[in-house]
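Working through the structure, step by step
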Amino acid sequence: MTDTITRYVPDQLTRSDLLFALLSGLVGVAGSYAVAGYTRQFVVAPIDALVVRATPGPVVAFMIENVGEQGHLLHIALSFAIAVGVLAGTATVGLLVARRTERPVAGVLFAGLLAWGIVAAITLEPLLALGGGLPVALFTAVGAAPAATPGHDPSRRRALVSGASALGFVAVAAGFGRLVSGGSGSAAESGGEDGEVDEEVATLMTEAEDNSLDIEGDVPGLVSTFEEFYNVDIAEFDPDLSAEDWSLTFTGEVGEEREINFEDLHEMPTERRFVTLRCVGEDLNGHKLDTAVWTGTPIEPLLEEVDPGGECGCAMVRAEDDYFVQFPVEALEDGFLAWGMNGQSLPQSHGYPVRVLIPGHWGETNVKWLSEIELLEEEMDGYWEERGWHGTGPVNTVAKLWSDTTLENGNMELAGHAYAGTRGIERVEVSTNGGNTWTDAELSEPLPGEDVWRQWRHEFEPDESHDVVVRAIDGEGALQPQEESGSFPSGASGWVSKTVNPMDSMGESA
Ligand SMILES: Nc1nc2c(c(=O)[nH]1)N[C@H]1C(S)=C(S)[C@@H](COP(=O)(O)O)O[C@H]1N2
Ligand SMILES: [Mo]
């Protein structure tokens, strides 16, 4: 007979403590997701931004060229792991405090406060940070609760039950978080949902449809839909801005600093323009090339008002996601501040509420979530240039071979788009014999605007297999260079080629 039941409180961390710490980290991240959704207020978001910024340039370039879109998955997985690790760390410290002071409550409070503080500090959302802090405190409490009897260690059963409830919590939190981010009515959903397309845009969209060639194969039209339009972001989490709070400042070497808001912008003369964007990082025959009808206002009058100075005649354009790119004021003067896309407000992923469009230059100059235009004294590297890219200049000329299809009449149809920035496209030539002879392809009528792609199509009677090559001639009469290079650092070059066979009629282009 024992007279008293002494409580068994180890003062070292046990293996099950570490398990509880890990569970705490998991539920902390899940809790943060439950209240914030997949937004910038989610604890993983700022960590991901840091990871992205800390990744060395050559690694980023390698990922873009070789891993492509899946590269995002890698850094987001790493960021998740870091978030779980950090919150598990706070629980570990809490459990240590509980053991050492023999006061579980102190440990739990410590862990909860620390977790809340860290989430609040990195997301700058003290209230939403409770979503991360409370679950950590809860699971630390379960882990810190003293076992009832010596010798009989119930931690295993407790761990099992807690593990199961943690999983349950994560699942519920995930469902809830999806509701929050899906139903927040944030800018993410504003594109395409805020009503009527104005008449001028509608006319342009109709013109684009009328000009589109009759292509049997799977080739996008002359205007890309929101779903089709490619996306390149430095961060996984887009800034979630409101038009009312948005402003643009002109700073640095200016005669007069100036700040304009969304209303000011709308009072400027409004224009609608077709503009094509192409990413310097895309493969030669890749699909990071798209066109929209944009609504906005020219930058030049605004620039004139601030009276830009500075030795280099160059500007750093900055954005709310800490993106920055530097290029000549001369290019900026031709630019456009856009708040509309295909007749809707900009979707969040394309820069809501305001983005820059620079005609004829690589995609990276088209700054989304614009915040500041700084006139510089001397040239500085932008975000991508720091990572070795040369992507601020004019685009390379390219003719894409996006489809080869055997038609019902037995003929073969080749089709795609061609783009040369502000030089324009004058001709697309197709060879079906490996470049021995060339034929002009059918071209879509040019759309209004100085920076718009064209569609091309070519139909021929195939024998067996054909080595198809396509090349464009730009509006200045220059032939698309034949010399091949990868996209890094200054854009892919060469002629797109593919062996096509009428037998495998469903053939897809390389
Ligand atoms: N603020 C910001 N602007 C940005 C980027 C970015 O990551 N952040 N990416 C740039 C790059 S590399 C390209 S190719 C285009 C892509 O624009 P889209 O996502 O609207 O197609 O935006 C450019 N503007
Ligand atoms: Mo890009």
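Keep in mind the model is a prediction, meaning the values are calculated, not measured.

**Notes on the pairing of strand β5 (residues 314–319)**
Counting buried positions over the six residues of β5 gives five, a clear majority of the element. Pairing of β5 with strand β6 (residues 324–328) involves five bridges; the strand directions are antiparallel. Among the inter-strand pairings, C314 is bridged to a residue of β6, identified as P328.

**Some points on the site of ligand 1**
By nearness alone, 20 residues border ligand 1, and Y230, D321, H350, R355 and K368 come closest of all. A distance of 3.0 Å is found between an oxygen atom of ligand 1 and a side-chain nitrogen or oxygen belonging to N231. Contact between ligand 1 and I234: an oxygen atom at 2.8 Å from a main-chain N or O atom of the residue. Computed on the free molecule, ligand 1 has an accessible area of 530 Å², of which 100% lies beneath the protein chains in the complex. Of the residues contributing to the shell around ligand 1, the split by class is eleven nonpolar, four polar and five charged.

**With respect to the packing of helix α5 (residues 104–123) against helix α6 (residues 130–144)**
At a closest axis distance of 8 Å, the pairing of α5 and α6 adopts a crossing angle of 155 degrees. When the interaxial angle is binned, α5 and α6 end up roughly antiparallel. Two packed elements cross with a definite hand, and for α5 against α6 that hand is right-handed. Only L130, G133, V136, A137, T140, A141 and A144 of α6 make contact with α5, whose side of the interface consists of P104, G107, V108, A111, G112, A115 and W116.

**So, the domain arrangement of the protein**
Structurally, the protein comprises domain 1 (15–182), domain 2 (199–210 + 220–387) and domain 3 (398–509). With centres defined by C-alpha atoms, the gap from domain 1 to domain 3 works out at 51 Å.

**Some points on the packing of aromatic side chains**
Two descriptors summarise a pair of aromatic rings, namely the distance from one centre to the other and the angle between the planes of the rings. This structure, assessed with the given rule, holds 15 aromatic pairs. Their ring planes at 70 degrees and their centres at 6.2 Å tell us that F42 and F237 sit as a pair that is edge-to-face. Residue F42 is found in the loop between α1 (15–36) and α2 (44–54), and its partner F237 is found in the loop between α8 (199–211) and β1 (247–252); the two are separated by 195 residues along the sequence. By relative accessible area, F42 is classed as buried at 0%. Considering the side-chain rings of Y323 and Y383, the 6.0 Å spacing of their centres and the 40 degrees angle between planes classify their relative orientation as tilted. Of this pair, Y323 sits in the loop between β5 and β6 while Y383 is found in helix α12 (residues 383–386), placing the two residues 60 residues apart along the sequence. With respect to burial, Y323 and Y383 carry one shared label: buried. Linked through ring pairs, Y323, F324, Y383, W384, W389 and F488 together constitute an aromatic cluster. Positioned above the aromatic ring of W495 is the side chain of R471, whose terminal nitrogen or guanidinium carbon lies 4.9 Å from the ring centre.

Cut-offs applied
- Residues numbered from 1 in each chain as written.
- Chains lettered and ligands numbered in written order.
- Predicted model: local features only at pLDDT ≥ 70, side-chain atom pairs only at ≥ 80, totals over all residues.
- Heavy atoms only, no water.
- Buried < 20%, exposed > 50% of the residue type's maximum accessible area, 1.4 Å probe, protein only.
- Helix = DSSP H or I, 4+ residues; strand = E, 2+ residues; numbered from the N terminus.
- Pairing = 2+ DSSP bridges.
- Near = heavy atom within 4 Å.
- Polar contact = N/O pair within 3.5 Å; in protein donor to acceptor, adjacent residues only side chain to side chain.
- Areas by Shrake-Rupley, 256 points an atom, 1.4 Å probe, with all protein chains shown as cover.
- Nonpolar A, V, L, I, M, F, W, Y, C, P; charged D, E, K, R; others polar.
- Axes fitted to C-alpha atoms, helices over the stretch in contact; angles between N-to-C directions.
- Parallel < 35°, antiparallel > 145°, perpendicular 65-115°, else oblique.
- Left-handed = near helix turned anticlockwise from the far one by under 90°.
- Contact = heavy atoms within 4.5 Å.
- Domains from an automatic or database assignment.
- Phe/Tyr/Trp six-rings, centres within 6.5 Å; stacked < 30°, edge-to-face > 60°.
- Lys NZ or Arg CZ within 6 Å of the ring centre and 35° of its normal.

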